[in-house]
Amino acid sequence: MAILPIFIPHAGCPHQCVFCNQKTISGQKSAAVPEAKSQIERWLKWLKPSKDNEAAFYGGSFTGLDLVLQKELLALTDELLEKGVIGSVRVSTRPDYIDAERLELLQAHHVELVELGVQSMDDEVLQKAERGHTAEAVYKAHKLLREHGFKTGVQLMVGLPGQGFASVQQTAAEVAQLKPDIARIYPVLVIKDTPLAASYARGEYVPLNLEDAVEQGAYVYKVLTKAGIKVIRIGLQPDEELCTPGNIVAGAFHPSMGELVKGRVLRNHFTLILQELVTSGAQGVIFHCPRRYESKLRGLKSCNLAYWQQLFPNLQITIIPSSGEGINLCLMGSACTPARLSHH
């Protein structure tokens, strides 16, 4: 499966949220149909036609566009569907731009998944971010999408103005109950030419440091995945435009944010178990770990191993590749127990 991305920066949005400068984030300057065509043409040079491929409109609030423009853009993906280049379409939009008329239009053009820019389920945080809607709009939009048979996605943020860890935990719990199909988690970045950049310059906004962003992202990731929600993205894509010097003013940016967050989930999980074992007198443990999880278990640049070695200096830790489905942790010289099994 491949995603064919079509960026429509800031298009359809009634106003600018404090963190948003979509032209910088997406690298595209226009939402006009000719620009969308040129993006598609570039991707078609290497994209192998398949019914598993999906065209995705990113960047703006698609359902907030003028209906004529929506139809013109969807006509482009209709053509790709007819030619067998793709098999489905997804769009991103605001929760308060969902109604029956808009959804019927999307259905008529084979849109299967709608992602909602939720960001937070805390009304106070939403107000400070100047989102222009409340959490109630999210519930209503998600319910309407499900009633019309759409798959759903949510986009969440950590580090918003006024958003403490308790607020992040509340949002994760509420989204887990909603049970969307997919989710994205974005630590807030201070992007140039945004209201948030001005607030940061005045000393009114203090972004999360990398440690706190990873810890909060790991919490959200664990809650969502435990609820059966697939997290498909953590952190903004580190593309050329976003990474141009000066574009990111401040914030917890790391090109491997996803690896850091997933590694932190494993670190937190197994630290508690290692503490138990060390307290009981253990001097050595063995992780039996499938190769696909080994880099996450070790952590980026083996940061998890370094953390455990510092925390438990007298504990010998060995990692052995295995063919199982999960990670088993056991004492040296003894059999592994099911209680030590963790799936990620």
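Just so it is clear, the model here is predicted, and its values are computed rather than measured.

(A) Main features of the overall build of the chain. Helices and strands together make up the secondary structure of the chain, namely 12 helices and 12 strands. Residues counted as buried form 51% of the 344 residues belonging to the chain. Across the chain, the fraction of contacts at a sequence separation of at least 24, relative to all contacts at a separation of at least 6, is 78%. Carbon and sulfur atoms make up 52% of the accessible area of the chain, which amounts to about 16,000 Å² in all.

(B) Quick look at the sheet that holds strand S8 (residues 230–234). The seven strands are arranged S1-S2-S3-S4-S5-S6-S8 in an open sheet whose pairing can be described as parallel. Unpaired on one side and paired on the other, strand S1 (3–7) and S8 mark the two borders of the sheet. Across the sheet, the mean angle from the axis of one strand to that of its neighbour is 20 degrees, orientation sign disregarded. Where strand S6 (residues 182–187) lies against S8, four bridges are found, and the strand directions are parallel. Residue pairing in the sheet places Ile182 in a bridge with Lys230 of S8. Across the sheet, helix H6 (residues 135–147) lies against strand S4 (111–119) and strand S5 (151–158), angled at about 170 degrees from S4, the strand it touches most.

(C) Structural view of the packing of aromatic side chains. Tallying each qualifying case throughout the model produces six aromatic pairs. Geometrically, the ring pair formed by Phe165 and Tyr219 is edge-to-face, given 5.4 Å between the ring centres and 80 degrees between the ring planes. You can see Phe165 sitting in helix H7 (residues 165–178) and its partner Tyr219 sitting in helix H9 (residues 210–226), a full 54 residues away along the chain. The exposure class assigned to Phe165 is partly exposed, which follows from its relative accessible area of 32%. Residue Tyr219 is classed as partly exposed on the basis of its relative accessible area of 31%. Between Phe287 and Trp308, the ring centres sit 5.6 Å apart and the planes meet at 20 degrees, which makes this aromatic pair stacked. You can see Phe287 sitting in strand S10 (residues 284–290) and its partner Trp308 sitting in helix H12 (residues 303–311), a full 21 residues away along the chain. You can call Trp308 buried: its relative accessible area is 0%.

(D) Quick peek at the sheet that holds strand S12 (residues 328–331). With respect to topology, three strands assemble into an open sheet ordered S11-S10-S12, the strand pairing being mixed. The strands lining the two open edges of the sheet, one partner per strand, are strand S11 (316–322) and S12. Strand-to-strand, the axes of this sheet are offset by a mean angle of 25 degrees, without reference to chain direction. Inspection of the sheet shows S10 paired to S11 by seven bridges, in the parallel sense. The residue bridging Gly284 from the neighbouring strand is Gln316, located in S11. In the packing of helix H11 (residues 291–298) onto the sheet, the strands contacted are S10 and S11, and the crossing angle to S10 comes to about 130 degrees.

(E) A look at the pattern of salt bridges. A full pass over the atoms with the stated rule returns 15 salt bridges. Between Arg94 and Asp96 there is a salt bridge, with the nearest N and O atoms lying 2.9 Å from each other. On the basis of relative accessibility, which here comes to 31%, the residue Asp96 falls in the partly exposed class. Among the ionic contacts, a cluster of salt bridges with common partners joins Glu54, Arg90, Glu115 and Arg184.

(F) Focus on the environment of Leu208. Considering the arrangement of structural elements, one finds Leu208 in the loop between helix H8 (195–201) and H9. Residue classification places Leu208 among the buried positions, given a relative accessible area of 18%. Discounting chain neighbours no more than four positions away, the residues touching Leu208 are Val158, Gly159, Ala213, Gln216, Gly251 and Ala252.

(G) Structural detail: the environment of Arg102. Looking at where Arg102 falls in the secondary structure, it is placed in helix H4 (residues 100–108). Measuring from C-alpha to C-alpha, the distance between Arg102 and Phe62 comes to 9.9 Å, with 40 residues separating the pair along the chain. Excluding anything up to four places from it in sequence, Arg102 contacts Thr63 and Tyr97. Here Thr63 takes part through its backbone oxygen, which lies 2.6 Å from a polar atom of the side chain of Arg102. At 2.5 Å, the side chain of Arg102 forms a polar contact with the side chain of Asp99.

(H) Representation of the nonpolar core. In terms of nonpolar packing, the biggest core is built from 61 residues, with Phe62, Leu73, Leu106 and Val114 touching the most fellow members. Tallying contributions element by element places H9 first for this core, with six residues. Residues contacting Phe62, with those up to four places away along its chain left out, are Ile8, Phe57, Gln70, Leu73, Leu74, Val91, Ser92, Thr93 and Leu106. Judged by nonpolar contacts, the second largest core, of 19 residues, contains Leu266, Leu277, Cys289 and Leu297.

Criteria and cut-off values
Residues numbered from 1 in each chain as written. Predicted model: local features only at pLDDT ≥ 70, side-chain atom pairs only at ≥ 80, totals over all residues. Heavy atoms only, no water. Helix = DSSP H or I, 4+ residues; strand = E, 2+ residues; numbered from the N terminus. Buried < 20%, exposed > 50% of the residue type's maximum accessible area, 1.4 Å probe, protein only. Contact = heavy atoms within 4.5 Å. Areas by Shrake-Rupley, 256 points an atom, 1.4 Å probe, with all protein chains shown as cover. Pairing = 2+ DSSP bridges. Axes fitted to C-alpha atoms, helices over the stretch in contact; angles between N-to-C directions. Phe/Tyr/Trp six-rings, centres within 6.5 Å; stacked < 30°, edge-to-face > 60°. Salt bridge = Lys/Arg side-chain N within 4 Å of Asp/Glu carboxyl O. Polar contact = N/O pair within 3.5 Å; in protein donor to acceptor, adjacent residues only side chain to side chain. Core = buried A, V, L, I, M, F, W, Y, C linked by side-chain atoms within 4.5 Å.

Keep in mind these values describe shape, not function.
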